[in-house]
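This is what each chain is made of:
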Amino acid sequence: MIKQIQQVAEVAGYLWQKGWAERNGGNITVNITDELDADMKSRPAIAGPFAIGLTLPYLKGCFFYAKGTGRRMRDLAREPMQNGAIIRICDDCAHYEIIADEVVMPTSELPSHLSVHNYLIAKGSPYKASLHTHPIELVALTHSQKWMEKDVATKVLWSMIPETKAFCPRGLGMVPYMLPGSVELADATIKTIDDNYDVVMWEKHGVFAVDVDIMSAFDQVDVLNKAALIYIASRALGHEPEGMSDEQLAEMSKAFNLPK
Ligand code: 2HA
Ligand code: ZN
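(A) Layout of unusual backbone geometry. Cis rather than trans, the peptide bond between Gly48 and Pro49 has omega equal to 5 degrees. On the secondary structure map, Pro49 appears in strand β2 (residues 47-51). Residue Asp101 follows Ala100 across a cis peptide bond; omega there is -25 degrees. Residue placement: Asp101 occurs in the loop between β5 (95-100) and α4 (110-122). Residues other than glycine seldom take positive phi values, yet Lys204 does so here, at roughly 55 degrees. Mapping Lys204 onto the fold places it in the loop between β8 (199-202) and β9 (206-211).

(B) Summary view of the pairing of β9. Buried residues dominate β9, accounting for six of its six residues. A two-sided burial pattern is seen for β9, the buried positions comprising Gly206, Phe208 and Val210 on one face and Val207, Ala209 and Asp211 on the other. Here five bridges tie strand β6 (residues 129-133) to β9, and the two strands are oriented antiparallel to one another. Residue pairing for β9: Leu131 is matched across the bridge by Ala209. Relative to β9, β8 runs antiparallel, the two sharing four bridges. Across the sheet, residue Trp202 finds its bridge partner in β9, namely Gly206.

(C) The arrangement of the sheet that holds strand β4 (residues 84-89) in detail. Spatially, the nine strands line up as an open sheet ordered β2-β5-β4-β3-β1-β6-β9-β8-β7, and their pairing is mixed. Two strands close off the open sheet at either side, each with one partner strand: β2 and β7 (172-175). With strand direction ignored, the average angle separating the axes of adjacent strands in the sheet is 25 degrees. With three bridges joining them, strand β1 (residues 27-31) and strand β3 (residues 63-67) adopt antiparallel strand pairing. Counted as the bridge partner of Asn31 is Phe64 from β3. Taken strand by strand, α4 contacts β1, β3, β4, β5, β6 and β9, and its axis lies near 35 degrees from that of β1. Of the strands in this sheet, β1, β6, β7, β8 and β9 touch helix α9 (residues 214-236), which is tilted by about 135 degrees from β9.

(D) Region of the structure containing the site of ligand 1. If you check the shell around ligand 1, you find Asn24, Gly25, Gly26, Asn27, Glu109, His132, His134 and His205 and nothing else. Here Glu109 contributes a side-chain N or O atom positioned 3.1 Å from an oxygen atom of ligand 1. Contact between ligand 1 and His132: an oxygen atom at 3.2 Å from a side-chain N or O atom of the residue. Protein chains bury 85% of the 220 Å² of accessible surface belonging to ligand 1 in isolation.

(E) Structural detail: the pattern of salt bridges. Summed over all chains, the structure comprises 10 salt bridges. Note that Asp222 and Lys18 form a salt bridge whose closest N and O atoms lie 2.9 Å from each other. Of this pair, Asp222 sits in helix α9 while Lys18 sits in the loop between α1 (3-17) and β1; the two residues are 204 residues apart in sequence, bridging distant segments of the chain. Overall, Lys18 belongs to the partly exposed group, its relative accessible area being 35%.

Parameters at a glance
Residues numbered from 1 in each chain as written. Chains lettered and ligands numbered in written order. Predicted model: local features only at pLDDT ≥ 70, side-chain atom pairs only at ≥ 80, totals over all residues. Heavy atoms only, no water. Helix = DSSP H or I, 4+ residues; strand = E, 2+ residues; numbered from the N terminus. Buried < 20%, exposed > 50% of the residue type's maximum accessible area, 1.4 Å probe, protein only. Pairing = 2+ DSSP bridges. Axes fitted to C-alpha atoms, helices over the stretch in contact; angles between N-to-C directions. Contact = heavy atoms within 4.5 Å. Near = heavy atom within 4 Å. Polar contact = N/O pair within 3.5 Å; in protein donor to acceptor, adjacent residues only side chain to side chain. Areas by Shrake-Rupley, 256 points an atom, 1.4 Å probe, with all protein chains shown as cover. Salt bridge = Lys/Arg side-chain N within 4 Å of Asp/Glu carboxyl O.

Following this line, the structure appears as structure tokens:
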């Protein structure tokens, strides 16, 4: 099996174990264009063409693995090709076909995921994977407006444990509540990624993360959620956590050659 799809299956198992993927919660898409050989790419369609609902010019000739709509991450972990599919974007950049292995219709969030991939390619980004999941403690933070202000969460989370800034150097972007699956939410997500965030928080819903591959996208979310857990554990002990000082964070940035 294609390495990137194996990695998706591994990450899907982690999402389930962490309690971030109840029922059919969450979505994954990965641009696998560079992983497929010519034989695979010229396979006849087994279903489609289907309309994407958008025209995405940078996706011409691209192939994606996409989780199936209504499918469970815990099932995908065991059987990625029965709970997701490989799709080919048609030359009109407005339709896609399913080419393997089975007719599994892609995630309802396909238009938003593909819009993000279209944006990433347009920008010349090396990022190939996008992940949407429901990390409990990060979602809990967004139930108070004070955490929704730009970079308030980033600053506190970075200061909980040194690794957070090292491994999530762009922090956590914030998007106010919008209807799941809506074009508005997709547009706001792209705008926030463009504001230089890899992980975007959707208020009272979940995160949307992008990175070179799905394991790296998962790692960024995992690191941020770990920091949120430490914050919450401190509060549960009865104290407001001190957090690392600005000097300590600046020292980290210098040592790790981080931006900001
Ligand atoms: O696909 O999590 O927000 C299930 C979701 C949509
Ligand atoms: Zn969701």
